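Coordinates in review
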Amino acid sequence: SIIARDFARELSVGELARACRVSEPTLRRLFLAAVGQTPREYWLGLRLRMAASMLRGTTLTVIEISRTVGFTTLSSFNR
């Protein structure tokens, strides 16, 4: 999926909707019904799961991991 492939970059709901060939409200409604989260909540959760995996399985620093998964600052990653 586009979210899994590009998890480290900011994806807009509009971009996702265009990729799925539906309107933004339709995408939000279908996504929430199928996944139980909004597209943004899902995307953020994926990034955090990837970071958690990297924290357990690599020797990268926290700042390196936060940047790898798409957070622009350490403080945004910490929040």
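Heads up: the structure comes first, above all this text.
Let me begin by describing the structure that accompanies this report.

Thresholds, definitions, all that
Residues numbered from 1 in each chain as written. Predicted model: local features only at pLDDT ≥ 70, side-chain atom pairs only at ≥ 80, totals over all residues. Heavy atoms only, no water. Helix = DSSP H or I, 4+ residues; strand = E, 2+ residues; numbered from the N terminus. Buried < 20%, exposed > 50% of the residue type's maximum accessible area, 1.4 Å probe, protein only. Contact = heavy atoms within 4.5 Å. Areas by Shrake-Rupley, 256 points an atom, 1.4 Å probe, with all protein chains shown as cover. Lys, Arg positive; Asp, Glu negative; His and termini not counted. Charge placed at Lys NZ, Arg CZ, Asp CG, Glu CD. Expected span 1.5 Å × (residues − 1). Axes fitted to C-alpha atoms, helices over the stretch in contact; angles between N-to-C directions. Parallel < 35°, antiparallel > 145°, perpendicular 65-115°, else oblique. Nonpolar A, V, L, I, M, F, W, Y, C, P; charged D, E, K, R; others polar. Salt bridge = Lys/Arg side-chain N within 4 Å of Asp/Glu carboxyl O.

Right, let's get into the overall build of the chain. When helices and strands are counted, the chain shows 6 helices and 0 strands. In the chain, which comprises 79 residues, the share counted as buried stands at 30%. When contacts within the chain are restricted to residue pairs at least 6 apart in sequence, long-range pairs at least 24 apart make up 32% of them. For the chain, the exposed surface amounts to about 5300 Å²; the carbon and sulfur share of it is 57%. Measuring between centres, the 12 positive side-chain charges of the chain sit 2 Å from its 6 negative side-chain charges.

Let us look at the environment of Leu74. Looking at the element boundaries, Leu74 is found in helix α6 (residues 74-78). Classification of Leu74 as partly exposed rests on a relative accessible area of 31%. Considering only alpha carbons, one finds Leu74 and Glu24, 50 residues apart in sequence, at a separation of 30 Å. With sequence-adjacent residues up to four places away left out, Leu74 is seen in contact with Val62, Ile63 and Ser66.

So, on to helix α3 (residues 24-35). Between its first and last C-alpha atoms α3 spans 16 Å; for 12 residues at 1.5 Å apiece the expected length is 16 Å, and the two agree. Positive phi shows up at Gly36, right after α3, with a value of about 85 degrees.

A word on the packing of helix α2 (residues 13-20) against α3. Here α2 crosses α3 at 85 degrees, and the two axes come no closer than 9 Å. Between α2 and α3, the interaxial angle falls into the category roughly perpendicular. Each of Val13, Gly14, Leu16, Ala17 and Cys20 in α2 lies in contact with α3, whose residues at this interface are Glu24, Leu27 and Arg28. Taken together, the residues of the contact of α2 with α3 break down into 5 nonpolar, 1 polar and 2 charged.

One pass over the structure, following the stated rule, counts 5 salt bridges. As a salt-bridge pair, Arg9 and Asp6 come within 3.4 Å of each other at their nearest N and O atoms. Arg9 gets classed as partly exposed once you look at its relative accessible area, which sits at 36%. Residue class for Asp6 comes out buried when judged on its relative accessible area of 18%. Of the charged contacts, one joins Arg40 and Glu10 as a salt bridge, the two residues approaching to 2.9 Å between their closest N and O atoms. With a gap of 30 residues between them, Arg40 in helix α4 (residues 39-57) and Glu10 in the loop between α1 (2-5) and α2 connect regions that are remote in the sequence. Counted as one network, the salt bridges with shared partners bring together Arg5, Asp6, Arg9 and Glu15.

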